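Residues per chain are reported as follows:
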Amino acid sequence: MRPYMRGFHGAWISFFVAFLGWFAFAPLMTTVRDHIDITKDEIGTAGIVSVGSTIFTRFLVGPLIDIYGPRRVMAGLLWYGSIPVALGAFVTNGTYLIIVRGFIGAAGATFVPCQAWTSLLFAPRIVGTANAFSAGWGNLGGGVTQIFMPAVMAMFIAFGVPEKNAWRVSMFVPALMFFACGCFAYFGCDDCPQGKYEDLKKEERNKATRKAGAPAESGPHVALNYNTWLLFIQYAHCFGVELVVNNVMSLYLYDWFCVNDTQAASFCQIKGNYDLGKADCIAKELELRTGADCVGADFHKFCMGDIKPDLFEPCVCLDAGAYIDASNTTMWVETNDPNGGVTWPADYNYERDAMCTGERSLSKTAASTIAALFGLANLFARGFGGYTSDILYRKMGFRGRHWAQMLALVGIGIMCMIFSTVKNNIPLGIICLVGFSMFVQAAEGTTYGMVPFLKPSQTGVAAGIVGAGGNTGAVIWGTMFKSIKHWPDVFFMMGIAIVISGFLSLVMEVHGSRITPGCSKDDNEEEWK
């Protein structure tokens, strides 16, 4: 049990708790936004900052691990993280939320000591599987928190705490878990088979003394190895996707899956090939102009009548029950033309697949529960990715790991694009979401099946750089979700980018091997056969 499995369980449990606290706010946001002064843009910014702050800490902790060992670094991150997680209970506005989530995000760097820890404990033949399961079970916290935090809040509500305060009290639960888990990692586990990290370093120095004439480990510093940065990019397209999906999926399912005929169709647009017909546009215009929210509205994109309206100005509101003779009506459509609008026929269309304005298909709790499925696939999918990488390694040499990596990434992209096309169909959406998630987690496992081989003596630095790629990707994807209102389009564009990233494996060379046969240096068959 000790040191191998004690260290393995210490690594994944620590990362699990860190992930649970890191995304504790995400499933509570449908409640939080009802009780504090916050805008949708601020929610998006908080999500970006929460994953962006981890980029710098992941770069920082890599060298620290190579100096002090993964166990101490892991414990320190957890003890630190307990403070901002607890302070999250006192959030009162969007600015405070952004700041707190930024400080909480630094605890996401626990991924780096998690991977370095299992890399020290297990042999090359099985390190892919070990790394994948430790990270996968740790990442599971991102799915569990989607169920756990609403359940904790519901428990406090059942005990009589008002909803406006229950979500606040709930934040103290993961904070206490952070502190307790940090104590377990520091006092109850070992860094490596030799015990403490300094014992391993002492043994390595003794071996180096006995083999003074042996050649030193060759190759540039791992940060100067272009393959490290290719893995950085690929990890941005798998772990980065997981991070942003953990932030947005609950809101996406709640706001975009609607009961039939309750989606917003707020305006017609000049957007070729989406012409739904003049009659539909006229009906929607009448609905907008006779509605209670018409006065002061700035969302009118076209107007009907004999007088051309000023560009981008609201149309004149009409009394309830008003009627316009469509046969004698000119429809003016806003364009970027300085002369104003143009008349029918143009390629009008409603804003397709807009957010729900009426009855939603899912409650807040149901949306959070289904969103949890994405993270829960970590229970086995990431481990399966690492195991597949190890199996192909033993059958094909290191190029088998390249094949596993490329196929997993291409699978993510395809499933992401398919998921983006699902509209208002909950069963089909769940099936696509689970398939999407399985490829995401598998690709994360295949990535860290290669990281320990970039340069074994600098595993901590390598794990930090590649891990930071995931957070960099999350910042990019999060910015897209914030900037582009039509979220299905964002998922589709992500899918295209992910497929492209998968083909980077064709130019990668790790452990002296490329993906194509005949283009690799000789592998040590005793190592993988």
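Reading the values: rules and limits
- Residues numbered from 1 in each chain as written.
- Predicted model: local features only at pLDDT ≥ 70, side-chain atom pairs only at ≥ 80, totals over all residues.
- Heavy atoms only, no water.
- Helix = DSSP H or I, 4+ residues; strand = E, 2+ residues; numbered from the N terminus.
- Expected span 1.5 Å × (residues − 1).
- Buried < 20%, exposed > 50% of the residue type's maximum accessible area, 1.4 Å probe, protein only.
- Core = buried A, V, L, I, M, F, W, Y, C linked by side-chain atoms within 4.5 Å.
- Contact = heavy atoms within 4.5 Å.
- Axes fitted to C-alpha atoms, helices over the stretch in contact; angles between N-to-C directions.
- Parallel < 35°, antiparallel > 145°, perpendicular 65-115°, else oblique.
- Nonpolar A, V, L, I, M, F, W, Y, C, P; charged D, E, K, R; others polar.
- Salt bridge = Lys/Arg side-chain N within 4 Å of Asp/Glu carboxyl O.

Trainee: Can you explain helix α18 (residues 459–483)? Please cite residues and give values.
Mentor: Relative to the 36 Å expected for 25 residues at 1.5 Å per residue, α18 spans 36 Å between its end C-alpha atoms, a close match to the ideal helical length. Burial analysis of α18 places 19 of its 25 residues in the buried class, the great majority of the element.

Trainee: Would you mind going over the nonpolar core in detail, with residue names and values included?
Mentor: Among the nonpolar cores identified, the biggest contains 122 residues, and Phe25, Met249, Phe436 and Phe491 are the most heavily contacted of them. Considering every element that reaches this core, the biggest residue donor is helix α12 (residues 239–256), with 12 residues. Residues within four places of Met249 in sequence aside, it is in contact with Ala371, Phe419, Leu433 and Phe491.

Trainee: If you had to explain the packing of α12 against helix α17 (residues 426–447) to someone new, which residues and values would you point to?
Mentor: Two elements in contact, α12 and α17, have axes separated by 9 Å at closest approach and are oriented at 140 degrees. One finds that α12 runs oblique with respect to α17. Residues Phe239, Val241, Glu242, Val245 and Met249 of α12 form the contact with α17, whose own contacting residues are Leu433, Phe436, Val440, Gln441 and Glu444. Grouping the amino acids of the contact of α12 with α17 by side-chain chemistry returns 7 nonpolar, 1 polar and 2 charged.

Trainee: Report on the packing of helix α8 (residues 163–170) against helix α9 (residues 172–188), specifying residues and quantitative values.
Mentor: Viewed as axis vectors pointing N to C, α8 and α9 meet at an angle of 5 degrees, and their least axial separation amounts to 5 Å. Put simply, α8 runs roughly parallel to α9. Between α8 and α9, the contacting residues are Arg168, Val169 and Ser170 on the first element and Phe172, Val173 and Pro174 on the second. Looking at the contact of α8 with α9 residue by residue, the classes come out as 4 nonpolar, 1 polar and 1 charged.

Trainee: Before we move on, can you summarise helix α16 (residues 399–420) with the specific residues and values?
Mentor: In this model α16 runs 32 Å from its N-terminal to its C-terminal C-alpha over 22 residues, within 8% of the 32 Å that 1.5 Å per residue would give. With 17 of 22 residues buried, α16 lies mostly within the body of the structure.

Trainee: Tell me what's going on with the pattern of salt bridges, and back it up with residues and numbers.
Mentor: One pass over the full model with this rule turns up 4 salt bridges. Between Asp390 and Arg401 there is a salt bridge, with the nearest N and O atoms lying 2.9 Å from each other. Here Asp390 is found in helix α15 (residues 381–396), whereas its partner Arg401 is found in helix α16, with 11 residues between them in sequence. Residue Arg514 is joined to Glu509 by a salt bridge in which the shortest nitrogen-to-oxygen separation is 3.3 Å. Accessibility expressed as a relative area gives 24% for Arg514, which makes it partly exposed. Classification of Glu509 as partly exposed rests on a relative accessible area of 23%.

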